[in-house]
Amino acid sequence: MCAIPDSEEHLSELSAQFVAEGLDRNEKIFYYDDDGAADAMLRRLSDDGAAVDGPLSSGQLTIVPEQTTHATFRTPLGQLYRGVTDTVTDALREGYRGARLTGQMHSSLAPGASATLPEFDGLLDRLLQENRLTALCTYDHGHYSSEQIEIMRALHRDHLAPVGAYDDGLMRIVRTGVASARLAGEIDHSNRPKITTLLQSSLDRSLRSPDVPPEVVLDMASVRFIDVATAVGLVHAAEMFPATHRLVLHRVRPRVQRILDRCGAPFASQLEVTADTAEASETSEVSETSEVPETSETSETDMAS
């Protein structure tokens, strides 16, 4: 499966969805870390309500360290083939339904890599056909050139369908219903007008749809920061709603809620703020406790594209 993320927020969203699906299917998952991408994926996974601690401690979800990720792409293709095949066999022996691979693979482009990007992809395609293996390959514009992305897109048979969304690299908005949306990232003066437009259009849709609950719901679980002007704007927007409707800010992080509280949210009768009770530091801490044996076997058996 191939995906071209629009931003780091989109990358985390795609990776977390892929990992969560594997957890639900009782597959063993290997996430190849680089540039701190694993921490962002784990945070999004937690934001989405998926279990993190249990799979990390049991080994169902393994975060492959950055150094091992780099070493993987310096390993000869024959050794990688044998290693991944053994990894899938071990996963099945342990009772899992199969194995699942994803993560940051741009070290395949680094000097000293044992093959070209298309050659790694060809090896992975063979492994996918011969094993109970699923992989998500992500090619972002921050690490791959447009030419490289188009080449890899052409080599893949399966692509994740793009989801209609607003994404400016700082904030991402994905509509989840007639009058609901999921927000992620940071909201400031540069993208605040998009929130205003979103609220206006969502309220209009809600008013025109008699079967829709009389509320506009914004899932804020993945919003890390809003500025004061945005908080004031949300409070004022709710106060302008008709008496029959209300604005619901769902799963708001403590830091964001403190800003909303200081800007009058508790006194806005048509604004409801529900807290995200998950500790913001939890996923960062558990990511450091995940273990991968630092052996030559680990380097040979860990590979994805």
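Everything here concerns the structure above.
About the thresholds
Residues numbered from 1 in each chain as written. Predicted model: local features only at pLDDT ≥ 70, side-chain atom pairs only at ≥ 80, totals over all residues. Heavy atoms only, no water. Helix = DSSP H or I, 4+ residues; strand = E, 2+ residues; numbered from the N terminus. Expected span 1.5 Å × (residues − 1). Buried < 20%, exposed > 50% of the residue type's maximum accessible area, 1.4 Å probe, protein only. Arc of directions from axis to C-beta. Contact = heavy atoms within 4.5 Å.

Chemist: Could you clarify how one ought to interpret helix α6 (residues 117–130) in this entry?
Modeler: Spacing of three or four residues puts side chains on the same side of an α-helix, whose turn is 3.6 residues. When the terminal C-alpha atoms of α6 are compared, their 20 Å separation across 14 residues agrees well with the 20 Å that a helix rising 1.5 Å per residue should span. Buried within α6 are the following residues: Leu117, Phe120, Asp121, Leu123, Leu124 and Leu127. Buried residues along α6 cover an arc of 160° about the axis, so they all sit on one side.

Chemist: Just checking my understanding: could you explain helix α9 (residues 228–239) for this structure?
Modeler: Over its 12 residues, α9 runs 17 Å from end to end, which matches the ideal 16 Å to within 8%, given 1.5 Å per residue. Buried within α9 are the following residues: Thr230, Ala231, Leu234, Val235, Ala237 and Ala238. For α9, the angular spread of the buried residues around the axis is 160°, confining them to a single face. Looking at the buried residues of α9, the elements they touch are β9 (180–187), α8 (192–208), β10 (215–226), β11 (246–252), α10 (254–262) and β12 (271–275).

Chemist: What is the right way to look at unusual backbone geometry in this model?
Modeler: Leaving glycine aside, a negative phi is the common case for residues, and trans is the common case for peptide bonds. One non-glycine residue, Asp35, lies in the positive phi region at around 60°. In this fold, Asp35 is placed in the loop between β2 (28–32) and α2 (37–47). One non-glycine residue, Arg251, lies in the positive phi region at around 55°. Residue position: Arg251 is located in strand β11. A residue is classified by how much of its surface remains accessible, and Arg251, at 18% relative accessible area, is buried.

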